[in-house]
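Fold and contact review
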2 protein chains.
Amino acid sequence: MAAPKLSDIAKRVGVSTAAVSLALNKGETTRVGPKKRAEILRAAAEMGYYPNELAKALAERRTRLLGLVVPLRDPIFFNQFIAQALSGIQSTLMRRGYNLLIFSPSGKPGRETRDQIMESRFTDGLILINTRSCTSQDVTDTINELKTAGIRFSMINSYYGRAPINYVGVDDAKLGEAAANYLASKGHRKIAFLSGSATLPAHLELTKGLQRGLSKHGLKLPSERVGCTQYERERAFTILDEWFDNKRDQPTAIFTADEQLLLHLYDYIEARGLSVPEDVSVLARGNVGLGDRLRPRPTSLVIPTFRMGELAAEMLIDEIEKPNGKSQRVLLPFELAPGTTA
Amino acid sequence: MAAPKLSDIAKRVGVSTAAVSLALNKGETTRVGPKKRAEILRAAAEMGYYPNELAKALAERRTRLLGLVVPLRDPIFFNQFIAQALSGIQSTLMRRGYNLLIFSPSGKPGRETRDQIMESRFTDGLILINTRSCTSQDVTDTINELKTAGIRFSMINSYYGRAPINYVGVDDAKLGEAAANYLASKGHRKIAFLSGSATLPAHLELTKGLQRGLSKHGLKLPSERVGCTQYERERAFTILDEWFDNKRDQPTAIFTADEQLLLHLYDYIEARGLSVPEDVSVLARGNVGLGDRLRPRPTSLVIPTFRMGELAAEMLIDEIEKPNGKSQRVLLPFELAPGTTA
DNA sequence: TTGAAAGCGCTAACAC
DNA sequence: GTGTTAGCGCTTTCAA
């Protein structure tokens, strides 16, 4: 018994498929007489009719599906940042009646975004979350590709350019400055910056901000005190060893650029038996959901990741539903979350 | 400039749409002559042609989309168990060329599954992950609904019935027995069980197993030593207070039924200033990715959640692609992961 | 080898 | 008001 379709109902009741479609979908329209409608509804229920969303979507030229693009090799679901953003996205999608399509990475390195663009004929638009593996070049390339393909999208994080796109992020230069300010006002003179990679957009912004902030306190950020771990634990340990073996120039405070780096730092602190903040102060960027479970509780400049997802989805759906609107670039405020480490 | 379609290419090259479809999709078939094919391919590339997956899907009656159903009110992306399973699912989907559709919860309580079944006309099949909020009744109801709707699916976790469905889980009775065995052999006589809710399928299985295991050591699991927190922190604290205020009958070991309960227990232990395992031993079920970040590191009976997701997806896709196959019920082995708490 | 044509199941424009 | 019809963009027989 194949699934009943619109025309089956039509045949049974003795009306046109159009009438059935109308009766079923356009609630209180006048297009169908009340008793004909009742008959149709009853038949549909009896036959256990469910619409074929696919056919519907093809005819309406819209799927109410948004695609998620995460240019990242790692499994995306373990990343707290992404988890937060996804929750925010979901909250909007739920409210507006959309669903989320998660593309499986193609496996062919570099081609992911392109492939996902192709698949996107299945979706009404794309949400892009930039992660620590996106260079500034990657990001602008992607933007161009999407623009020329005429695909609607909305981007989260790590784009500091000026192209007119839907974007939600934070002002990382400002965040860096705030970090410098905070630590310097606490009396720290030797402040180190633990980062991922010097080529990351966020790294550049944060560094800029740190320098600006420090210079207001008559301080500097010498390159020996900027450590790029490439997100490798080993490398992080090497860098930290260098900092802490050098008794004379040992930093008294460390600012970490993201969650992963903070975890490595915690591991190091535990391994070396340091006390925080006695031996060294720690200030972290990000790490939203993590703060609760870490001991000691990190002092952080928290990024509103959930809200970012929520907003990005909102902006995208707005653009889809009323194509006249302008694209927006939104920078959300960050917040100091007190912990015991700085 | 609307997106070019098959017929645009056909018109331009001067062939039928069928020829274009063949040339583009059926690689080395003999249906199209080599130079005609070359021409078609070139034209397609020049015009920047991407197929409309929607139309394709409608014609082929398959989307290569799998839907995810999580009957849970909470944001699903924060649940480590689900995150693990999702990663496993993704790994299979990637290998087999499918994508994942995440339904947004409808908001109407109780209707979620039904709604998602309707939406499922968009997908080739459904993956269901049962969580701690699923009663045994919920699960069987869902199974029946899906069966009568003729929807293919594959279920993860918490179904201990015998219906012939694709299912991946662990033998929780056996796990409970193993827990009892482990703790009893370490000399514990007063073993308590911290669980979520007495109505959960897993609770029943675990209890059964614990009792079986304990009785082999001449021990019992009195009802005072089974605590159901309803996953509320307050309630957990009340129960634990009762256990620890009663000096005479204080448990020397606690077995926790899942990750969330373990976290509450850790909070309690910290708040009350207990030492583990000196004051009390802790053995946890599950908590795969969490173990690394918790201090002290929990001793756990680890469930292969990633593998569960991987397998569930595999089984579902197999059934979709060769409908003759039988459905399978797979119970995966759990493993003792040593920590410092028991 | 190739082209024409009939769907896939639904919506929406257009007659009646 | 109600029914008819022409698509949506692609795949796949079936003739030629």
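Residues numbered from 1 in each chain as written. Chains lettered and ligands numbered in written order. Predicted model: local features only at pLDDT ≥ 70, side-chain atom pairs only at ≥ 80, totals over all residues. Heavy atoms only, no water.

**Some words on the side chain of B:T123**
- Here B:T123 shows up in the loop between α6 (112–119) and β3 (125–129).
- Polar contacts involving the side chain of B:T123 include one to the main-chain carbonyl oxygen of B:G125, which spans 3.4 Å. (Helix = DSSP H or I, 4+ residues; strand = E, 2+ residues; numbered from the N terminus. Polar contact = N/O pair within 3.5 Å; in protein donor to acceptor, adjacent residues only side chain to side chain.)

**Quick word on the sheet that holds strand β8 (residues 253–256) of chain B**
All names here are of chain B.
- Across the sheet, which stays open at both edges, the six strands sit in the order β7-β6-β8-β9-β10-β12 with mixed pairing between neighbours. Looking along the sheet, the strands with just one partner apiece sit at the ends: β7 (226–228) and β12 (335–337). Within the sheet, the average angular offset between the axes of one strand and its neighbour, ignoring direction, is 20°.
- Sheet topology places strand β6 (residues 191–195) next to β8; four bridges connect them, and they run parallel. Residue A192 lies in a different strand from β8, and its bridge partner there is I254.
- Each of β6, β7, β8 and β9 (281–285) is contacted by helix α9 (residues 201–216), which is oriented at about 175° to β6, the strand it contacts most.
- Packed onto the sheet, helix α11 (residues 259–272) meets β6, β8 and β9 and runs at close to 160° relative to β9. (Pairing = 2+ DSSP bridges. Axes fitted to C-alpha atoms, helices over the stretch in contact; angles between N-to-C directions. Contact = heavy atoms within 4.5 Å.)

**Some words on the packing of aromatic side chains**
- Counted according to the given criterion, the structure contains 10 aromatic pairs over all chains.
- Between A:R132 and the ring centre of A:Y231, over which it is positioned, the NZ or CZ distance is 4.2 Å. (Phe/Tyr/Trp six-rings, centres within 6.5 Å; stacked < 30°, edge-to-face > 60°. Lys NZ or Arg CZ within 6 Å of the ring centre and 35° of its normal.)

**A look at the relation of the copies chain A and chain B**
- Overlay of chain A on chain B (RMSD 0.1 Å): rotation 180°, translation along the axis 0.1 Å. Such values leave the two copies arranged in the relation of a two-fold axis. The position closest to the rotation axis in chain A is occupied by the C-alpha of A:L101, lying 2.3 Å away.
- In this assembly, 100% of the residues forming the interface of chain A have copies in chain B that are likewise at the interface, indicating an isologous arrangement. (Least-squares fit on C-alpha atoms with pLDDT ≥ 70 in both.)

**A word on the environment of B:I127**
Residue and element names in this part refer to chain B.
- Residue position: I127 is located in strand β3.
- Between the C-alpha atom of I127 and that of L66, which follows or precedes it by 61 residues, the distance is 7.0 Å.
- Sequence-distant contacts of I127, defined by excluding residues within four places in its chain, comprise L66, G67, L68, V69, I89, S154, I156, A313 and L316.

**Re helix α10 (residues 233–245) of chain B**
Residue and element names in this part refer to chain B.
- An ideal rise of 1.5 Å per residue puts 18 Å on 13 residues; α10 measures up with 18 Å between its terminal C-alpha atoms.
- When α10 is considered as a whole, its buried residues turn out to be A236, F237, I239, L240, W243 and F244. Angular distribution of buried residues about the axis of α10 spans 165°; they occupy a single face of the element. For α10, the exposed residues set more than 90 degrees away from the buried face come down to E234, E242 and D245.
- Against β6, β7, β8 and α11 lie the buried residues of α10. (Expected span 1.5 Å × (residues − 1). Buried < 20%, exposed > 50% of the residue type's maximum accessible area, 1.4 Å probe, protein only. Arc of directions from axis to C-beta.)

**A few points about unusual backbone geometry**
- With an omega dihedral of 0°, the bond running from A:V276 to A:P277 counts as a cis peptide bond.
- Tracing the sequence through the fold places A:P277 in the loop between α11 (259–272) and β9 (281–285).
- A positive phi angle is found at A:R61, which is not glycine, with a value near 55°.
- Examined against the element boundaries, A:R61 turns out to sit in the loop between α4 (53–60) and β1 (65–69).
- Although it is not a glycine, B:R64 sits at a positive phi angle of roughly 55°.
- Turning to its location among the elements, B:R64 is positioned in the loop between α4 (53–60) and β1 (65–69).

**Details of the pattern of salt bridges**
- A complete count under the given rule lists 39 salt bridges over all chains for this structure.
- A:R96 is paired through a salt bridge with A:E314; the nearest N and O atoms lie 2.7 Å apart. Taken together, the positions of A:R96 in helix α5 (residues 80–96) and A:E314 in helix α12 (residues 305–321) put the pair 218 residues apart, joining distant regions of the chain.
- With a closest N to O distance of 2.8 Å, B:D318 and B:R96 form a salt bridge. Residue B:D318 is found in helix α12 (residues 305–321), and its partner B:R96 is found in helix α5 (residues 80–96); the two are separated by 222 residues along the sequence. (Salt bridge = Lys/Arg side-chain N within 4 Å of Asp/Glu carboxyl O.)

**Description of the interface of chain A and chain B**
- Contacts between chain A and chain B engage 43 residues on the former and 44 residues on the latter.
- Summing both sides of the interface, chain A and chain B together bury roughly 4,600 Å²; the carbon and sulfur share of this comes to 62%.
- Together, A:Y50, A:F77 and A:R121 form the three largest contributors to the area buried by chain A at its contact with chain B, with a combined 16%.
- Inspection of the chain A/chain B interface yields two salt bridges.
- In this structure, B:E270 and A:R295 form a salt bridge, with 2.9 Å as the shortest nitrogen-oxygen distance.
- Put simply, chain A and chain B have 10 residue pairs in polar contact (both at pLDDT 80 or more) between them.
- Looking at the side of chain A that touches chain B, the elements that each hand over two or more residues are α4, α5, β2 (99–102), α6 (112–119) and α11 of chain A.
- A total of eight residues in the side of chain A that touches chain B trace back to one element, the largest contributor, which is α5(A).
- For the side of chain A that touches chain B, the residue count by class is 26 nonpolar, nine polar and eight charged.
- Relative to strand β2 (residues 99–102) of chain B, β2(A) runs antiparallel, the two sharing three bridges. (Buried area = accessible area lost by both parts, 1.4 Å probe. Nonpolar A, V, L, I, M, F, W, Y, C, P; charged D, E, K, R; others polar.)

**A closer look at the packing of helix α10 (residues 233–245) of chain A against α11(A)**
Residue and element names in this part refer to chain A.
- At their nearest, the axes of α10 and α11 sit 10 Å apart, and the two run at 55° to each other. The orientation of α10 with respect to α11, classified from their angle, is oblique. Along this stretch, α10 crosses α11, giving a crossing that reads as right-handed. Here R233, A236, F237, L240, D241, F244 and D245 of α10 lie close against α11, whose contacting residues are H264, L265, D267, Y268, A271 and R272. (Parallel < 35°, antiparallel > 145°, perpendicular 65-115°, else oblique. Left-handed = near helix turned anticlockwise from the far one by under 90°.)

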